[in-house]
Amino acid sequence: MKSLSYIDVFTPKNLEEALELLDKHRGELAVLAGGTDLIIQLRKSQQKAPNLLNIYMLDELRYIKQDNGTIKIGALTDFATITESPIIQRHAPVLAEAAATIGSVQILNKASIGGNIVNASPAADSLPALYVLNATLSLRSKTGTRKVAIEQFYKGYKKLDLQSGELLTEVSFPAMKQNQIGMFFKHGLRQGDAISVVNGAILLEVLNGYVKDARIALGAVAPTVVRATESEKTLIGQRLSEDVILKAAQACLTSISPIDDVRGSASYRKEMCVNYLYMTLWQMMRMVNV
Ligand SMILES: Cc1cc2nc3c(=O)[nH]c(=O)nc-3n(C[C@H](O)[C@H](O)[C@H](O)COP(=O)(O)OP(=O)(O)OC[C@H]3O[C@@H](n4cnc5c(N)ncnc54)[C@H](O)[C@@H]3O)c2cc1C
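Residues numbered from 1 in each chain as written. Predicted model: local features only at pLDDT ≥ 70, side-chain atom pairs only at ≥ 80, totals over all residues. Heavy atoms only, no water.

### Points about the sheet that holds strand β13 (residues 210-219)
Keep this limit in mind: For two strands to be treated as a pair, DSSP must find at least two bridges joining them. Every helix listed is a DSSP run of H or I at least four residues long, and every strand listed is a run of E at least two residues long, numbered separately from the N terminus. Contacts between residues were defined by any pair of non-hydrogen atoms, one from each residue, lying within 4.5 Å. Only C-alpha atoms enter the line fits that serve as axes; for helices the fit covers just the stretch in contact. Angles between N-to-C directions range over 0 to 180 degrees.
Strand order in the open sheet made by the four strands is β11-β12-β13-β14, with antiparallel pairing throughout. Each edge of the sheet is formed by a strand with only one pairing partner; in this case those strands are β11 (180-187) and β14 (226-227). One ladder, built from nine bridges, connects strand β12 (residues 198-207) with β13; its direction is antiparallel. If you follow G200 over to β13, its bridge partner there is L218. Those strands touched by helix α12 (residues 266-288) are β11, β12 and β13, and its axis lies near 150 degrees from that of β11.

Structure (structure tokens):
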């Protein structure tokens, strides 16, 4: 494994200083949060590693708040905190469920939500939940803050709407309504500490027994996380039944374009996607129709 002893690490005392440093060294610094993705990538890369801006000590980016119906999470908040947060459990249980699956105890305690978002793996487990929650990202630079909807942030495989000099500081989304239910699913090759072969999140809004709104996001089956729009259309306006959920699960095939890789073939991923959507919608139907 490659030594990284030659790189310089800048450790700002506060956010202002971090933004100053990012501005001064535009394009030359990689942001280091928990380092659970970045350090592994730097050690594997054939390129000379960049110098680092270590933001891990910036506690001002660690929080979970509820503000007028909006849930706000600081970019450095780790997944153990998100999983255990009463605010997230109550107002975004689909995110608590996704966060709980992220790595082992060590990773849960170290990995940040900001790192998961900016690392931009199509298999990242927080992303489907953040998609169905309609999350917004706050990107700060020395000159101000820009807000970007999470779906607009990803322009292609690991291509982001993030400019040099910008830091992701917060992710926010509306608290789930009383008549919304959400669920997350993840298929890995083993029980713990596994990268998703397929993952996804479903959020349904149900009024008088009928699906008023449906949001479905799927991961690890395309260059970025995708919305299963045909599945959503199949559900909206319907009462959940075995026939409806079967059609909705099968309709996901129009939204995905999986690849073959070491974790599974494209056809295996397609099958898993349909099966997991069917099983998850089945569970949701039981919850709605009781
Ligand atoms: C053993 C192991 C198991 C894992 N299991 C899972 C899993 O089950 N599910 C899953 O989704 N992931 C998993 N991961 C991946 C990883 O832990 C997560 O993606 C994690 O959330 C990354 O966060 P971090 O704080 O460590 O980011 P870092 O590694 O520090 O950074 C990741 C990337 O984001 C950038 N970045 C970080 N924070 C910011 C910011 N605030 N603003 C701008 N750029 C930023 C960095 O420059 C870098 O490019 C696993 C990793 C390991 C090593």
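That covers the picture; the talk isn't over yet.
### Remarks on the nonpolar core
To keep things clear, this is the line we draw: The definition of a nonpolar core used throughout is a set of buried Ala, Val, Leu, Ile, Met, Phe, Trp, Tyr and Cys residues joined through side-chain atoms within 4.5 Å. For the exposure calls, accessible area comes from a 1.4 Å probe over protein chains only, and a residue counts as buried if that area is under 20% of its type's maximum, exposed if over 50%, partly exposed in between. For each domain, the first and last residues come from an automatic or database assignment.
Among the nonpolar cores identified, the biggest contains 44 residues, and I73, I82, I88, L95, I117, L130 and F173 are the most heavily contacted of them. The residues that make up this core include at least three from each of domain 2 (59-174) and domain 3 (180-289). What L95 contacts, discounting residues up to four positions off in sequence, is I73, I82, I88, S126, A129, L130, L133 and F173. A214, A228, M272 and M284 belong to the second largest nonpolar core, which has 31 residues in total.

### Some points on the side chain of H187
Quick reminder of the rule: Any N or O atom pair separated by 3.5 Å or less is treated as a polar contact, with the protein-specific requirement of one donor-capable and one acceptor-capable atom, and with residues adjacent in sequence counted only for side-chain atom pairs.
With respect to the element layout, H187 can be found in strand β11. Within the local environment of H187, its side chain forms a polar contact with the side chain of Y276, the two groups lying 3.0 Å apart. In this view, H187 contacts I195, S196, V197, V198, Y268, M272 and Y276; residues no more than four positions away in its chain are not counted.

### Observations regarding the site of the ligand
Which entries qualify depends on this criterion: We call a residue near a molecule or strand when any one of its heavy atoms sits within 4 Å of it. What sets the accessible areas is the Shrake-Rupley method with a 1.4 Å probe; for residues, cover comes only from the shown protein chains.
Around the ligand, a shell composed of 30 residues is seen, among which V31, T36, D37, S112 and D125 lie nearest. Taking G35, its main chain carries an N or O atom lying 2.8 Å from an oxygen atom of the ligand. A distance of 2.6 Å separates an oxygen atom of the ligand from a polar side-chain atom of S112. When isolated, the ligand has an accessible area of 990 Å², and the protein chains bury 86% of it.

### Brief notes about the pattern of salt bridges
Stated precisely, the cut-off is as follows: We define a salt bridge as a contact between a side-chain nitrogen of Lys or Arg and a carboxyl oxygen of Asp or Glu at a distance within 4 Å.
Per the stated rule, a full pass over the model turns up 16 salt bridges. As a salt-bridge pair, D213 and R215 come within 3.3 Å of each other at their nearest N and O atoms. As a salt-bridge pair, K233 and E230 come within 3.1 Å of each other at their nearest N and O atoms. In this pair, K233 and E230 are both assigned in helix α10 (residues 229-235), three residues apart and thus about one turn of the helix distant. By relative accessible area, E230 is classed as partly exposed at 32%.

### A look at the UniProt feature "domain: FAD-binding PCMH-type" (unreviewed entry) in the protein chain
In plain terms, the rule: UniProt positions are given in the numbering used here, feature names are shortened, and annotations may be inferred rather than shown by experiment.
Following the UniProt record, one finds the feature "domain: FAD-binding PCMH-type" (unreviewed entry) at residues 2-178. Between the C-alpha atoms that bound residues 2-178 there is a distance of 51 Å. The span itself is 34% helix and 25% strand.

### A few points about the environment of I216
Among the secondary structure elements, I216 is positioned in strand β13. What makes I216 buried here is its relative accessible area of 0%. Not counting residues within four places of it along the chain, the set of residues in contact with I216 comprises V132, A201, I202, V226, R227, A228, S231, E232, L235 and L277.

### Observations concerning the packing of helix α11 (residues 242-251) against α12
When two helices pack together, their arrangement is given by the angle between their axes and by how far apart the axes lie. Quick reminder of the rule: A clockwise turn of the near helix away from the far one marks a right-handed crossing, whereas an anticlockwise turn of less than a right angle marks a left-handed crossing.
Here α11 crosses α12 at 150 degrees, and the two axes come no closer than 8 Å. Crossing of α11 over α12 shows right-handed handedness. Contacts from E242, I245, L246, A248, A249 and Q250 in α11 reach V274, L277, Y278, L281, W282 and M285 in α12.

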